[in-house]
Amino acid sequence: MTTALSVRGLHKSFGPANARKTAVDGLSFELEQGEVLGFLGPNGAGKSTTMKMICGFLAPDAGTAIVCGHNVLSHPIAAKSAIGYLPEGAPAYPDMTVLAFLDFIGAIRGFDGAERGERVADAMAKTQLKEVAHQPIETLSKGFKRRVGLAQALLHNPPVLILDEPTDGLDPNQKFEVRKLIKEMAATKAIVISTHILEEVDAVCTRAVIIARGRIVADGTPAELRGRSTSGNLDDVFREVTANV
Ligand SMILES: Nc1ncnc2c1ncn2[C@@H]1O[C@H](COP(=O)(O)OP(=O)(O)OP(=O)(O)O)[C@@H](O)[C@H]1O
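Residues numbered from 1 in each chain as written. Predicted model: local features only at pLDDT ≥ 70, side-chain atom pairs only at ≥ 80, totals over all residues.

A. Local environment of the site of the ligand. Near the ligand you find F14, A23, G41, N43, G44, A45, G46, K47, S48 and T49, and these make up its full shell. Looking at which element gives the most residues to the shell around the ligand, the answer is helix α1 (residues 47-54), with three residues. Along the lines of polarity and charge, the residues of the shell around the ligand split into three nonpolar, six polar and one charged. (Near = placed C-beta within 6 Å. Helix = DSSP H or I, 4+ residues; strand = E, 2+ residues; numbered from the N terminus. Nonpolar A, V, L, I, M, F, W, Y, C, P; charged D, E, K, R; others polar.)

Now the structure itself:
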């Protein structure tokens, strides 16, 4: 079976030549279908930058990502077809209604007619957006905007999902619903979620990678990581492995 996601030696620096700052420093990992990877790290560790490079939104200085066998640099269309990406924040066209925006995403993803309608309806049902279907996105609350972002990521039923802080801004009920949805989808997909909420790792992740200054400092199941600390607490493990990097 083809590895769902293979991240190979990703590297990215920002800034002028005399003040170059490394954001991602040779990051590699593999993910199989059925795995939900919690991608953790302190603010500025390089999580969003890594996710952008995996999804082909940012060109790496070195390395690449292979998505279901497709290199995101040499075969970007095939790789991007296999990915659903929820970026940080909630970028969308603010004056479009939820329905019009998702229909537009469906068209871009290559669906027509009845199938497009079914996919939009299914994505709205999964993310509980039906009640705001005809509302312009700019008038939605933060949590609803986040769910529109999630709906567009799921619409084409991709085998790989890259979700940058998917529950950011959601109330406890919605966090629960989104985590439930991630768990329901997990068996048939490979999913990466970045989060600062360590309870989320226990709730949905089969594995966690902790990065600091663009490098992996821990990789294991939540239970294995907890076993690294005498307290058995993921917050303590996080602090210990990222403190002196
Ligand atoms: N376009 C950019 N130009 C310059 N520096 C950038 C750019 N994008 C990211 N950086 C820097 O790269 C580093 C990694 O940022 P990144 O957003 O990937 O971190 P993160 O782990 O997602 O952080 P957070 O948890 O705060 O979202 C930071 O120092 C950030 O300031």
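B. Representation of the sheet that holds strand β4 (residues 62-67) in the model. Read across the open sheet, the four strands follow the order β2-β1-β4-β5; overall the sheet is antiparallel. Bordering the open sheet on either side are β2 (21-31) and β5 (70-71), each of which pairs with just one other strand. Summarising the sheet, strand β1 (residues 5-14) and β2 pair through eight bridges and their orientation is antiparallel. Looking at β2, one finds that S13 is bridged to T22. The strands touched by α1 within the sheet are β1, β2 and β4, with β1 carrying the most contacts at an inclination of about 120°. (Pairing = 2+ DSSP bridges. Contact = placed C-beta atoms within 7 Å. Axes fitted to C-alpha atoms, helices over the stretch in contact; angles between N-to-C directions.)

C. Structural context of the environment of L10. Looking at where L10 falls in the secondary structure, it is placed in strand β1. Exposure remark for L10: the 25 C-beta atoms within 10 Å place this residue in the buried category. Here the alpha-carbon distance between L10 and F29, two residues 19 residues apart in the chain, equals 9.8 Å. Apart from the residues within four sequence positions on either side, L10 is in contact with V24, L27, T50, M53, P60 and G63. (Buried ≥ 20, exposed ≤ 12 C-beta atoms within 10 Å, placed from the backbone.)

D. Focus on the sheet that holds strand β3 (residues 36-40). Read from one edge of the open sheet, six strands run β6-β7-β8-β3-β9-β10, paired in mixed fashion. The open sheet is flanked by β6 (83-86) and β10 (215-220), the only strands paired with a single partner. Averaged over neighbouring strand pairs, the angle between their axes works out to 15° when direction is ignored. The pairing of strand β9 (residues 207-212) with β10 spans five bridges and is classified as antiparallel. Note on β10: the bridge partner recorded for I211 is I216. Sheet contacts for α1: β3, β7 (160-164), β8 (190-194) and β9; angle to β7, the most-contacted strand, approximately 150°.

E. Layout of the domain arrangement of the protein chain. Splitting the protein chain by domain gives domain 1 (5-82 + 158-243) and domain 2 (92-157). Counting residues at the interface gives twelve residues for domain 1 and nine residues for domain 2. Secondary structure elements with two or more residues in the side of domain 1 that touches domain 2: β7 and α6 (172-186). When residues in the side of domain 1 that touches domain 2 are grouped by element, the largest group, four residues, is from α6. Class assignment for the residues of the side of domain 1 that touches domain 2 results in seven nonpolar, two polar and three charged. (Domains from an automatic or database assignment.)

F. A look at the pairing of β3. Among the five residues of β3, five are classified as buried, and the element is accordingly described as predominantly covered. Along β3, one buried face is formed by V36, G38 and L40 and the opposite face, lined by L37 and F39, is buried too. Pairing of β3 with β8 involves four bridges; the strand directions are parallel. In the strand pairing of β8, F39 is matched with S194.

G. Structural detail: α6. Helix length check: α6, at 15 residues, gives a terminal C-alpha distance of 21 Å against a target of 21 Å (1.5 Å per residue), a fit within 8%. Taken together, the buried positions of α6 are V178, R179 and I182. Taken end-on, α6 shows its buried residues confined to a sector of 100°, consistent with a single buried face. Residues N173, K180 and E184 are exposed on α6 and point more than 90 degrees away from its buried face. (Expected span 1.5 Å × (residues − 1). Arc of directions from axis to C-beta.)

H. Spotlight on the environment of R179. Within the fold, R179 resides in helix α6. The exposure class assigned to R179 is buried, which follows from the 21 C-beta atoms found within 10 Å. As for R179 and E224, which are separated by 45 residues in sequence, their C-alpha atoms are 21 Å apart. Those residues within four positions of R179 in sequence are excluded, and the remaining contacts are T167, E200, A203 and V204.

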